[in-house]
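One letter stands for each residue in the lines below.
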Amino acid sequence: MRLWMFLTVLSVTVHASLEEITRNKNRGRGSTWWGIAKAGEPNNFLPMSAGSIHMEPVYATLRRKQRRLARENPGVLMSVSRGANQAIAECQHQFRNRRWNCSTKNFLRGKNLFGKIVDRGCRETAFIYAITSAAVTHSIARACSEGSIQSCSCDYTHQSRVSSAVRDWEWGGCSDNIGYGFKFSREFVDTGERGRNLREKMNLHNNEAGRAHVTSEMRQECKCHGMSGSCTVKTCWMRLPNFRVVGDNLKDRFDGASRVMVSNSDRARVTNNAITSNSASNSVHQHRDGLGRRQRYNFQLKPYNPEHKPPGQKDLVYVEPSPPFCEKNPKLGILGTHGRQCNDTSIGVDGCDLMCCGRGHKTQEVTVIERCSCTFHWCCEVKCQLCRTKKTVHTCL
Ligand SMILES: *[C@@H]1O[C@H](CO)[C@@H](O)[C@H](O)[C@H]1NC(C)=O
Ligand SMILES: *[C@@H]1O[C@H](CO)[C@@H](O)[C@H](O)[C@H]1NC(C)=O
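Being a predicted model, the structure only gives us computed values, none of them experimental.

Enquirer: Account for the packing of helix α7 (residues 178-189) against helix α8 (residues 198-215), naming residues and giving values.
Expert: The interhelical angle for the contact between α7 and α8, taken along N-to-C directions, is 170 degrees, at an axis separation of 11 Å. Comparing their axes, α8 and α7 come out roughly antiparallel. Listed contacts from α8 to Ile-178, Phe-182, Ser-185, Arg-186 and Val-189 of α7 are Asn-207, Glu-208, Arg-211, Val-214 and Thr-215. Along the lines of polarity and charge, the residues of the contact of α7 with α8 split into 4 nonpolar, 3 polar and 3 charged.

Written out as structure tokens, the structure is:
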């Protein structure tokens, strides 16, 4: 509730701090908005007298166009913030057993939320861009159908596409508004990524990939209304995937990500309209943005290894190999794996050999207190006991 209040007054105070936005030209300029994930944390709002709130730290993470979008679409900032948090949670889930575990910093003005890994162009960076772009798409599309954004609503465009005479069911109305979510993510998330150098192209490609993974997992859901389940009338609508599905799919693409370089024929035409062709709002987007913006997505990245095939729309792309992430290196924003837990029977990345980078590990017996013997009580409560169990924990030296 408080967060909601904070965000609605965002449009009042405008304090730009451009220096931090331009400082890292190389990485593209579209990443500072992630700081909005921390909008709800008290240290980022300095309450002032008479209930007014000092929004500067969070506001500084937004670019001018992003502030305009927020002003023109009341309700979106709350969804963007929720989306950013969803992206962080999903990233940390997907990478919990890896050397790089997607840890974030407490947001401080001018510092990137994910740390300096973003200044590089490696696979991990690619994942961060894709998952945050996907999360905004997802969160906005859902918020539209839930009625929490003033400028959009449920998607009703399915209803007129096919005459209902050829089906035994009808579109039932409120579909999640993926068209709006997609369009908004392009406008908001891609702000500042002009695609003028390889790194900005990498960001744009991965942002688009994130959105494509949400779009392609939209599913039809139906409900029967006939007498005693006879299903004489069936209504259907399109529903967003669970965000975990998007996270799993993007993690697969991370594992198979393509290293790219700039191609000679940079202007090669790529049909990027296919995935938005079902969105009625897309025409609005193209109308408003004109030709220049559309061309932003018109490039083909070339595989670094000429024997690999060019990256597809849903692939993640990166431009430099990942650092090993083994040792702490504040300059590169790497925490290192000293003290991380590992699995001594696994031969994968969570295994002690790989996780500890050959330094070895120590093994301890620890007593953990866990909920156990849980029983369900009608209705609706789960009661558990607390049990002490001994566990063997391995940690990297
Ligand atoms: C990630 O790893 C670091 C140590 O490398 C640890 O301090 C931190 O708690 C971990 N974060 C998460 C979210 O697992
Ligand atoms: C450790 O790895 C093994 C083999 O991959 C797996 O079966 C086991 O569940 C893992 N243990 C933990 C605690 O994750």
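There's more to say after this.
Enquirer: If you had to explain the nonpolar core to someone new, which residues and values would you point to?
Expert: Of all hydrophobic cores here, the largest spans 68 residues; its most connected members are Trp-33, Phe-114, Ile-140, Phe-184, Phe-188 and Leu-316. Of all the secondary-structure elements, those providing two or more residues to this core are α4 (64-72), α5 (76-94), α6 (123-146), α7, α8, β5 (234-239), α9 (243-255) and β8 (317-318). It is α6 that contributes the most residues to this core, 13 residues altogether. Setting aside residues up to four positions removed in sequence, Phe-184 forms contacts with Leu-69, Asn-73, Val-76, Val-80, Val-136, Ile-140 and Val-189. Ranked by size, the runner-up nonpolar core spans 5 residues in total, among them Cys-342, Cys-352, Met-355 and Cys-396.

Enquirer: Kindly report on the sheet that holds strand β7 (residues 302-303), identifying the contributing residues and their values.
Expert: Spatially, the 3 strands line up as an open sheet ordered β7-β6-β8, and their pairing is mixed. Each end of this open sheet is capped by a strand with a single partner; those strands are β7 and β8. Here 2 bridges tie strand β6 (residues 258-261) to β7, and the two strands are oriented antiparallel to one another. What sits directly across from Met-261, in β7, is Lys-302.

Enquirer: Mind laying out the site of ligand 2, listing which residues take part and the relevant values?
Expert: The environment of ligand 2 is made up of Asn-343, Thr-345 and Ser-346. A distance of 2.3 Å separates an oxygen atom of ligand 2 from a polar atom in the side chain of Asn-343. Surface burial for ligand 2 is 26%, taken as the share of its 360 Å² of free accessible area covered by protein chains.

Enquirer: Any chance you could break down the site of ligand 1 for me, citing the residues and the numbers?
Expert: Gln-92, Asn-101, Leu-335, Gly-336 and Arg-340 make up every residue found near ligand 1. Contacts to ligand 1 include Asn-101, whose side-chain N or O atom sits 2.3 Å from an oxygen atom. Gly-336 has a polar backbone atom sitting 2.8 Å from an oxygen atom of ligand 1. Calculation on ligand 1 without its partners gives an accessible area of 370 Å², and the protein chains cover 53% of this total.

Enquirer: Would you mind going over the sheet that holds strand β9 (residues 341-342) in detail, with residue names and values included?
Expert: Sheet strands line up and pair through hydrogen bonds in the backbone, either parallel or antiparallel. Read across the sheet, 3 strands follow the order β9-β11-β10 without closing on themselves; strand pairing throughout is antiparallel. The sheet terminates laterally at β9 and β10 (361-377), the two strands that pair on one side only. Across 2 bridges, the pairing between β9 and strand β11 (residues 381-396) is antiparallel. Paired with Gln-341 across the strands is Thr-395, a residue of β11.

Enquirer: Which residues make up the pairing of β10, and what values do they have?
Expert: As paired strands, β10 and β11 are joined by 15 bridges and run antiparallel to one another. Within the sheet, the bridge partner assigned to Val-368 lies in β11 and is Thr-389.

Enquirer: Tell me about the state of the cysteines, and please be specific about residues and values.
Expert: If you walk through the whole model with that rule in mind, you get 10 disulfides. One disulfide bridge connects Cys-144 with Cys-152, the sulfur atoms lying 2.0 Å from each other. With the S-S bond torsion at -95 degrees, the cross-link from Cys-144 to Cys-152 turns out left-handed.

Enquirer: Account for the layout of surface pockets, naming residues and giving values.
Expert: In this structure, the second largest pocket spans a volume of roughly 310 Å³. Lining the second largest pocket are 18 residues, with Ser-103, Phe-114, Gly-333, Ile-334 and Leu-335 positioned closest to its centre. Its residues placed into classes, the lining of the second largest pocket shows 7 nonpolar, 6 polar and 5 charged.

Enquirer: Describe the environment of Ala-134, with residues and values.
Expert: By the element assignment, Ala-134 lies in helix α6. The buried category is assigned to Ala-134, whose relative accessible area is 0%. Sequence-wise, Ala-134 and Ala-209 are 75 residues apart; in three dimensions their C-alpha atoms are separated by 8.1 Å. Among all residues touching Ala-134, those that are not within four sequence positions of it are Gly-210, Arg-211, Val-214, Phe-243, Val-246 and Leu-250.

Enquirer: An account of the packing of aromatic side chains is requested, with residue identities and associated values reported.
Expert: Using the criterion set out here, one finds 10 aromatic pairs in the structure. The interplanar angle of 80 degrees and the centroid separation of 5.7 Å between the aromatic rings of Trp-33 and Phe-188 together place this pair among those described as edge-to-face. In this pair, Trp-33 is assigned in the loop between α2 (18-23) and β1 (46-47) and Phe-188 in helix α7, connecting sequence segments 155 residues apart. Phe-188 matches Trp-33 in its accessibility class, with the two residues each being buried. Taken together, Trp-33, Trp-34, Phe-114, Tyr-129, Tyr-180, Phe-184 and Phe-188 form an aromatic cluster joined through their ring pairs. Between Arg-186 and the ring centre of Tyr-297, over which it is positioned, the NZ or CZ distance is 3.9 Å. Looking at Lys-251, its charged tip hangs above the ring of Phe-95, at a distance of 5.8 Å from the centre.

Each value, and the rule that gives it
In this convention, every chain numbers its residues from 1, walking through the sequence in written order. Lettering for chains starts from A, numbering for ligands starts from 1, and both go in the order in which the items are written. Residue-level local features of this predicted model are given only where pLDDT is at least 70; pairs of side-chain atoms are given and counted only at 80 or more, and the full residue set underlies all totals for whole chains, interfaces and linings. Calculated side-chain values reflect all of the structure's heavy atoms, with hydrogen atoms and water omitted. Between N-to-C directions, angles cover 0 to 180 degrees, with each direction set by a line fitted to C-alpha atoms, over the stretch in contact for helices. Numbering of helices and strands starts at the N terminus; helices are DSSP runs of H or I of at least 4 residues and strands are runs of E of at least 2. The cut-offs work like this: below 35 degrees is roughly parallel, past 145 is roughly antiparallel, 65 to 115 is roughly perpendicular, and the gaps in between are oblique. We call two residues contacting when some pair of their heavy atoms lies within 4.5 Å. When residues are grouped by polarity, Ala, Val, Leu, Ile, Met, Phe, Trp, Tyr, Cys and Pro land in nonpolar, Asp, Glu, Lys and Arg in charged, and all others, Gly among them, in polar. Nonpolar core, defined: a set of buried Ala, Val, Leu, Ile, Met, Phe, Trp, Tyr and Cys residues in which side-chain atoms within 4.5 Å join the residues together. A simple rule labels every residue: compare its accessible area, found with a 1.4 Å probe on the protein chains alone, to the largest value its type can have, and call it buried under 20%, exposed over 50%, or partly exposed in between. Whether two strands pair comes down to DSSP finding at least two bridges between them. In these notes, residues near a molecule or strand are those with any non-hydrogen atom within 4 Å of it. A 3.5 Å cut-off defines polar contacts: any pair of N or O atoms within that distance qualifies, except that in protein one atom must be a possible hydrogen donor and the other a possible acceptor, and neighbouring residues in sequence count only when both atoms are side-chain atoms. Throughout, the Shrake-Rupley method with a 1.4 Å probe supplies accessible areas, and for residues the shown protein chains are the sole cover considered. Pairs of cysteine sulfur atoms within 2.5 Å are what we label disulfides. A cavity here means a set of points on a 1 Å grid, drawn over the protein atoms and nothing else, where a 1.4 Å probe fits but cannot get out; a pocket is an open set with protein on both sides within 12 Å along at least five of seven lines, and a residue lines either one if it has an atom within 4 Å of a point. Grid points are joined across faces, edges and corners, and a volume is the space filled by probe spheres set on the points. Centre distance within 6.5 Å is the pairing criterion for rings of Phe, Tyr and Trp, where only the six-membered ring of Trp is used; planes under 30 degrees apart are then read as stacked, over 60 as edge-to-face, and the remainder as tilted. Only when the NZ atom of a Lys or the CZ atom of an Arg is both within 6 Å of the ring centre and within 35 degrees of the ring normal do we say a charge sits over the ring.

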